[in-house]
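Observations on the model geometry
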Amino acid sequence: FRLKFYFHGKEQLLSLGAYPERTLASARKAAMDARRQVLDGINPCEAKKARRTQGTTFKQAAEEWFDTWKASRAPAHVNRVKARMQRDMYPAIGNREIAKLTAPAITALVRKVESRGVGETARRVLENCSAVFVRAVASGYAPHNVCADIQAGTILKQTTKRNHARVSDSEL
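Analysis parameters
- Residues numbered from 1 in each chain as written.
- Predicted model: local features only at pLDDT ≥ 70, side-chain atom pairs only at ≥ 80, totals over all residues.
- Heavy atoms only, no water.
- Helix = DSSP H or I, 4+ residues; strand = E, 2+ residues; numbered from the N terminus.
- Patch = residues over 30% accessible without salt bridge, like charges linked within 9 Å, V, L, I, M, F, W, Y side chains within 5 Å.
- Areas by Shrake-Rupley, 256 points an atom, 1.4 Å probe, with all protein chains shown as cover.
- Salt bridge = Lys/Arg side-chain N within 4 Å of Asp/Glu carboxyl O.
- Contact = heavy atoms within 4.5 Å.
- Phe/Tyr/Trp six-rings, centres within 6.5 Å; stacked < 30°, edge-to-face > 60°.
- Buried < 20%, exposed > 50% of the residue type's maximum accessible area, 1.4 Å probe, protein only.
- Lys NZ or Arg CZ within 6 Å of the ring centre and 35° of its normal.
- Core = buried A, V, L, I, M, F, W, Y, C linked by side-chain atoms within 4.5 Å.

1. Things to note about the environment of Thr23
Position of Thr23 among the secondary structure elements: in the loop between strand E2 (10-15) and helix H1 (24-39). Between the C-alpha atom of Thr23 and that of Pro104, which follows or precedes it by 81 residues, the distance is 47 Å.

2. Re a nonpolar patch on the surface
Together, Phe1, Tyr19 and Leu24 make up a nonpolar patch on the protein surface, roughly 330 Å² of accessible area in all. Relative to the helices and strands, Tyr19 is located in the loop between E2 and H1.

3. Comments concerning the side chain of Thr57
Here Thr57 is to be found in the loop between helix H2 (44-53) and helix H3 (58-69). Once residues within four sequence positions are removed from consideration, Thr57 is found in contact with Gly94, Asn95, Arg96, Glu97 and Ile98.

4. As for the packing of aromatic side chains
As enumerated under the stated definition, the model contains four aromatic pairs in all. Taking 6.4 Å as the distance between ring centres and 55° as the angle between the ring planes, the aromatic pair formed by Trp65 and Phe66 counts as tilted. A single burial state applies to Trp65 and to Phe66, both of which are buried. Ring geometry for Phe66 against Trp69: centres 5.8 Å apart, planes inclined by 35°, an arrangement best described as tilted. One end of the pair is Phe66 and the other is Trp69, both in helix H3 and three residues apart, which spans about a single turn. Accessibility classification places Phe66 together with Trp69 in one group, the buried group. Pairwise contacts between aromatic rings join Trp65, Phe66 and Trp69 into one cluster. One residue, Lys82, lies across the ring of Phe66, its end atom 5.0 Å from the ring centre.

5. Let's talk about the pattern of salt bridges
Scanning the entire structure with this criterion turns up nine salt bridges. One salt bridge connects Arg124 with Glu120, and the closest N-O pair in it is separated by 3.3 Å. In this pair, Arg124 and Glu120 both sit in helix H6 (residues 119-139), four residues apart, roughly one turn of the helix. Salt bridges sharing common partners tie together Lys29, Asp33 and Arg36.

6. Quick word on the nonpolar core
One recurring pattern in soluble globular proteins: nonpolar side chains tend to sit buried together. Core analysis: the largest hydrophobic core is formed by 34 residues, its most contacted members being Phe58, Met85, Ile98, Ile106, Cys129 and Phe133. Those elements that place two or more of their residues in this core are H3, helix H4 (75-93), helix H5 (103-114), H6 and helix H7 (152-155). The greatest single-element share of this core, amounting to seven residues, is contributed by H6. Those residues in contact with Ile98 that sit more than four places away from it in its chain are Thr56, Thr57, Phe58, Ala61, Val132, Phe133, Ala136, Tyr141 and Ala142. Of all hydrophobic cores here, the second largest spans nine residues; its members include Leu3, Phe5, Ala34 and Cys45.

Have a look at this one:
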């Protein structure tokens, strides 16, 4: 079922659902509610989109990103990223609404990972969080990418490069 209406002089089309899942009576009720919204100055398409994206958790957005991302990656790499998400990201911020996450929350997550002594993994967690936020912003789940304000070099400890000892001819 679809409802055609005009909002601010532009024609809009609102999908109300397909026949077997939605009865004619419920479609008529939904159309009546949408017409009331138009009279109140609310765009029903935007309201539907807001209802759909409201309450999206970080885990839901991350799973959506992961499903599209993994298609062109090697299986071993996919498994490592999935394990990192389940081990580090989901326990800390997985159940929080993505639109309400802040830079300090992401910073705390990255520092917690770094405190285990795995600085490179902490950098990768930040990169993965940023990729999830880029997808979330594009999908309308979050207003902006809070990870874009965070630079790994400013919140993580600098690692010192150490060269390996030289192997002499006698050791060969």
